[in-house]
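# An overview of the molecular structure
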Amino acid sequence: MGDEKPKFLIKGGKRLDGRKPEDVRPIQIKMGVVPNADGSAEVIFGKTRVIATVYGPRELHPRHQVINERARVRVRYDMMTFSVEDRKRPGPGRRETEISKVLAEALTRVVITEKYPTRAIDVFVTVVQADASTRVAGLNAASLALADAGIPMRDLVVSLSFGKSYDEKGQGHMVVDLEKEEDNWGMGDIAYAVAPALGEVLLLQMDGDVTLEEFKKGKTMADKAALEIYEMQKRALKARYEEGSK
Amino acid sequence: MSENVENRQLVVPGKILAKGMEFLPGDGAYRDQDEIRASVLGLVNFKGRAIKVIPLNGKYLPKRDDPVIGIITEVGYNSWNLDINATYTARMLVGDASDRYIDTNRHKLASVFGVGDAVICQIKKVDENMAVFVTARGPGLRKVHDGKLVYVNAAKIPRIIGKGASMVKMIKEYTETRMFVGQNGIVWIQGGNEELAEKAVLKIEAEAHLVGLTDKMEQFLSKESGKTINRDEPKPEPEAVAEGTEEKKEEGE
Amino acid sequence: MISEIISNLELSEIRDAVEANKRLDGRKNDEFRDIKIETGVIAKAEGSAVVTMGKSKVIAGVKISVGTPFNDRPNEGVLMVNAELSPMAHNTFEAGRPGEVAVELARVVDRSIREAGVMDTKKLCIEAGEAVWIVNIDFYPLNADGNLFDAGTLAAMAALKTAKMPTYDKETKILNRENMKNAVPMDCTVVASTFAKIGDKMVVDPTMHEEYASVARLTVGIRDGNIVALQKGGNGGLTSEQIDDALTRAIKHSKNLLKHIK
């Protein structure tokens, strides 16, 4: 699987798994999956499964990382060894370290860190099964886990990937929420996150080759899909307590 | 009420609670230019011009004068460190341990409070760097020697106490226990039917967001204890006030 | 709870409960928590399982690849078990290099499985000196509440039992994970029972707080009613009677544990 380049990733307006360009895969959200944690959530995008757990605000070690005025949001993104085709070495490597950094920065923008001087808010993003778009699935899970932990936030973070896939003639088309084949062979792969209420982009990473028009078109598609995911996040959070409210 | 949300509505972070300068953001809310937004997952609560959101989860953030229960984690030369089940740990200075004078040259501090001891105490001071100091000097403040500690989500403590301490009184009546409810989510129970009291506390924690909890708990306690308590006076919980506002004291922000 | 320090009140409560043979969660001293096993949970893994033991939850996955054999064992494949105490699963687990707790856990489960002869590694040989199967079992606690030894062993065994072999073309050296059909060659099944010494009693399947309240621990690996692995942990000592008691009970418990991974 995935060793040979497919002749096309999109044909007649349909992608390899039957989705239209603007469709996200089936998404599931499970709250409170790790009872030990102060907050936790599992987010499933098709075959991609990611769990985020939050511990904190708590004491920060090592001491030299302490920030006197606010809390430090730390993220540790890691993949389980068996989450991918070929066993991954245990523990985060360079790729995981970079992803951890950009996820932490995205989350720091929304967390009201001033409320907890000197503390750590630790977010562990663990990929259980990888089928592309793991960091964005993980960022949704992290946003939900932080809200679940009762940590004050300016907004939720909604995240997804978009990119460019070729058809049988080699023509590029923008699509959202890449799966593995599209990620491996596509012409562009963009990790994207927004804070919908703040109207800000919090994560943007890309490799590939797209024109400005294509990027804008993809972003518009992603923004639309993000609103759907935003609604799902809100529903999942409320479902934990809905019964008792008016 | 604002045009955006109703009292007791369940909201998520980022939700607009009110527009314009008419309202002020309380705990669990923040101002973003001319809008007030929720910052936590919780229930909206209007109090005059203030809008706050009562969180449904979260760790205890130490506040001056709050009664808490701490567990000694370290004995120092002239102070103790305590785990107060919170976002910050606490320190107790030797002068705050007891009304009587403790001479650090002659007494080992561990003989006053040792590692693992549970102490009912009070937050004495939270300084600008969030260093938290507690005291064990004051009525009812002391080390506990028996009974059991029950850990609950600190966000649920106001419900366990109930309006005017009605809920905790009711549990004590039915179970004939002594109880102390720390704002930090640790409840001490001693004597009588400790097991039933623990069950009751955990049941309130699980169902804290539901309406009509007081009646439900009365039925539960009555059934489990096989006791009936006549209530000649009207129920201590005035029905006119919305539920979810049962904080021990109003927070001054 | 912030630290590993639990209150003296809870410690004495745990000890009293064990003394009265009615533990805080209602169990007798010789009772396991409810066990649930789900297999085939990870599509990317050759075999996988989630084991729930009370509030402890462990996920295990098997990955099978092709590698070169060790020089001194040219016709034997490799079986390796590894535990990752990811900080996601408990407040006291730290990120970074595996600590001694994680290393002990991994090695004890690894030893139980290998010493029991669960897999004859000679059967993992593809071409002597050239190519052999490397079978990796990794397990992670998803929620830690004590006794990760037994839960980890169960998860590893359940994942291995349901694992399927990829195919390998010696000529083209291509490993193929599509349409995997053949089971992994297994010769037997091993299960573990862990006991915590609290007061002078040995309690099986301790919770995390019971582990804190204990002075010593004994893990017993059993295959076909025989003892195949032992590990004593903790600063306290065990009497000869306590050891015999634990071994007898471990053999008894092994029958029930085996039922879960049939």
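All values reported here derive from a predicted model rather than from experimental measurement. (Residues numbered from 1 in each chain as written. Chains lettered and ligands numbered in written order. Predicted model: local features only at pLDDT ≥ 70, side-chain atom pairs only at ≥ 80, totals over all residues.)

Each helix and strand counted, chain A has four helices and eleven strands in total. For 246 residues, the compact-globule estimate of 2.2 N^0.38 gives 18 Å, and the C-alpha radius of gyration of chain A, at 18 Å, lies within 12% of that figure. Summarising its shape, the C-alpha atoms of chain A cover approximately 55 × 45 × 35 Å along the three principal directions. Here chain A holds 246 residues, and the buried ones make up 55% of them. Considering only intrachain contacts with a sequence separation of at least 6, the fraction spanning at least 24 residues in chain A is 69%. (Helix = DSSP H or I, 4+ residues; strand = E, 2+ residues; numbered from the N terminus. Rg over C-alpha atoms; globule rule 2.2 N^0.38 Å. Buried ≥ 20, exposed ≤ 12 C-beta atoms within 10 Å, placed from the backbone. Contact = placed C-beta atoms within 7 Å.)

Secondary structure summary: chain B contains four helices and 16 strands in total. Dimensions along the principal axes, computed over C-alpha positions, put chain B at roughly 65 × 50 × 25 Å. Expressed as a percentage of its 253 residues, the buried residues of chain B come to 45%. In chain B, the share of contacts with a sequence separation of at least 24, taken over all contacts with a separation of at least 6, comes to 59%.

Looking now at the confidence of the model for chain B. All names here are of chain B. Residues at a pLDDT of 70 or more form 91% of chain B, whose mean pLDDT is 89. This stretch, residues 237–253, has a pLDDT under 50; its non-local contacts, to residues over four places away or in other chains, come to 21 contacts. Overall fold confidence for the complex sits at a pTM of 0.91, while the interface term, ipTM, reaches 0.91. (pLDDT = per-residue confidence, 0-100.)

All names here are of chain A. Ordered by their spatial adjacency, four strands build an open sheet running β9-β8-β10-β11, and the pairing between neighbours is antiparallel. Bordering the open sheet on either side are β9 (172–176) and β11 (200–208), each of which pairs with just one other strand. Neighbour to neighbour, the strand axes of the sheet diverge by 15 degrees on average, direction disregarded. Sheet analysis places strand β8 (residues 158–166) next to β9, joined by five bridges and oriented antiparallel. In the strand pairing of β9, K164 is matched with M174. (Pairing = 2+ DSSP bridges. Axes fitted to C-alpha atoms, helices over the stretch in contact; angles between N-to-C directions.)

The subject of this paragraph is the interface of chain C and chain A. Listed by partner, the interface residues are 28 residues for chain C and 25 residues for chain A. Going through the elements one at a time, β3 (56–67) and β6 (131–143) of chain C are the ones with two or more residues in the side of chain C that touches chain A. With five residues, the single largest contributor to the side of chain C that touches chain A is β6(C). Here the side of chain C that touches chain A is composed, by residue class, of twelve nonpolar, nine polar and seven charged. (Nonpolar A, V, L, I, M, F, W, Y, C, P; charged D, E, K, R; others polar.)

Along its sequence, chain B is organised into domain 1 (10–55), domain 2 (67–144) and domain 3 (148–225). Here the C-alpha centre of domain 3 of chain B lies 29 Å away from the C-alpha centre of domain 1 of chain B. (Domains from an automatic or database assignment.)

It is worth spelling out the nonpolar core at this point. Among soluble globular proteins, nonpolar side chains are generally buried collectively. With 221 residues, the main nonpolar core has A:L107, A:V123, A:A141, A:A142, A:L146, C:A155 and C:A156 as its most contacted residues. Ranked by the residues each element gives to this core, the list is headed by helix α3 (residues 148–161) of chain C, at ten residues. In this structure, A:L146 is in contact with A:G39, A:V54, A:L107, A:V111, A:V123, A:I151 and A:M153, ignoring residues within four places of it in sequence. (Core = buried A, V, L, I, M, F, W, Y, C linked by C-beta atoms within 7 Å.)

In this complex, chain A contributes 29 residues to the contact, which on the side of chain B involves 26 residues. A class-by-class count of the residues in the side of chain A that touches chain B yields twelve nonpolar, five polar and twelve charged.

A word on the packing of helix α2 (residues 166–175) of chain B against helix α3 (residues 194–207) of chain B. All names here are of chain B. It is the contact of α2 with α3, at a shortest axis distance of 9 Å, that shows an interaxial angle of 150 degrees. Our classification of the angle between α2 and α3 gives roughly antiparallel. For α2 against α3, the interelement crossing comes out right-handed. Here M167, I171 and T175 of α2 lie close against α3, whose contacting residues are L196, A197, A200 and I204. Residue classes in the contact of α2 with α3 are distributed as six nonpolar, one polar and no charged. (Parallel < 35°, antiparallel > 145°, perpendicular 65-115°, else oblique. Left-handed = near helix turned anticlockwise from the far one by under 90°.)

All names here are of chain C. The strand order β10-β9-β11-β12 describes an open sheet built from four strands, whose pairing is antiparallel. Looking at strand neighbours, the two that pair on one side only are β10 (201–204) and β12 (226–233), the edges of this open sheet. Across the sheet, the mean angle separating the axes of adjacent strands is 25 degrees when strand polarity is ignored. Sheet topology note: the strand β9 (residues 191–198)/strand β11 (residues 216–223) ladder contains seven bridges and is antiparallel. Bridge pairing in β11 links F195 to L218.

Here we come to helix α5 (residues 240–260) of chain C. Residues and elements named next belong to chain C. The first and last C-alpha atoms of α5 sit 31 Å apart over 21 residues, in line with the 30 Å expected at 1.5 Å per residue. For α5, the set of buried residues is A246, A250, H253, S254 and L257. Along its buried surface, α5 packs onto α3, β9, β10 and β11. (Expected span 1.5 Å × (residues − 1).)

Attention now goes to the pairing of strand β7 (residues 119–129) of chain A. Residues and elements named next belong to chain A. Along β7, eleven of the eleven residues are buried, which leaves the element largely enclosed by surrounding structure. In this structure, strand β5 (residues 48–59) lies alongside β7, joined through nine bridges in antiparallel fashion. Paired with Y55 across the bridge in β7 is D122. Sheet topology places strand β6 (residues 72–79) next to β7; eight bridges connect them, and they run parallel. Note that in β7 the partner of V73 across the bridge is I121.

Residue and element names in this part refer to chain B. Between α2 and helix α4 (residues 213–225), the shortest axis-to-axis distance is 10 Å and the interhelical angle comes to 10 degrees. Considering the angle they form, α2 stands roughly parallel to α4. Of the residues in α4, those touching α2 at S166, M167, M170, I171, Y174 and T175 are T214, M217, E218, L221, S222 and S225. Considering only residue class, the contact of α2 with α4 consists of six nonpolar, five polar and one charged.

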